[in-house]
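# Structural overview
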Amino acid sequence: TRRARPGDEPRPPGTNSAGAGWDYLRPETTFAARATSDRPRYTAEELTENVDIEPERRLRVLELFYALDEVTHYEVLGVESTADKKAIKKAYYDLAQEFHPDRYFRKELGSYKPKLEAIFKRLTEAHDTLTRNQLRSAYDAELARVARARGLRIVEGARATTIEPGPDGVRV
């Protein structure tokens, strides 16, 4: 974890530096909850692979990796859809410290190396998209278009952009 710096304020548990919830990144909460089935998407072999990564972090890597295709840029960074550029950058740098592949330099990573690279690539893509006004506007418009096409509505100001069932009750 990062050392406290002058001016740092204590944060409630389960929040990032912007105060947005990190429920999906806390060890006791998992991305598996987003899955449509009750089974984890990773295998026991992946979780018990002989690598130089702590078991809790392995679980976090696997759950985030297998959820990458289902989460928005806001969710992957753990920020609200109304987060400003400073909050997005802070969340990105906090997560980059944990998931950057160079953190594990000279460690045995096995199948986790490409997973960490994919996670870091997605974090960077989310950061780059959400910190550039034109790209963010286009991304938000695409989220809204997809939600409308699926009969869903977007709830702004939630922990992240939340998509809920629309009047016809369609669920993602």
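In this report, the structure presented in the accompanying data block is examined.

The next subject is helix α4 (residues 85-99). Under the 1.5 Å per step criterion, the end-to-end length of α4 is 21 Å for 15 residues, consistent within 8% with the ideal 21 Å. Among all positions in α4, only A87, I88, A91, Y92, D94, L95, A96, E98 and F99 are buried. Where α4 is buried, its residues meet α2 (55-67), α3 (73-77), α5 (112-130) and α6 (133-149).

Right, let's talk about the environment of A118 for a bit. Here A118 lies in helix α5. Given the relative accessible area of 25%, A118 is considered partly exposed. Separated by 54 residues in the primary sequence, A118 and L64 place their C-alpha atoms 9.9 Å from one another. Once you skip the residues sitting within four places of it in the chain, A118 turns out to touch F65 and L68.

Rules of the game
- Residues numbered from 1 in each chain as written.
- Predicted model: local features only at pLDDT ≥ 70, side-chain atom pairs only at ≥ 80, totals over all residues.
- Heavy atoms only, no water.
- Helix = DSSP H or I, 4+ residues; strand = E, 2+ residues; numbered from the N terminus.
- Expected span 1.5 Å × (residues − 1).
- Buried < 20%, exposed > 50% of the residue type's maximum accessible area, 1.4 Å probe, protein only.
- Contact = heavy atoms within 4.5 Å.

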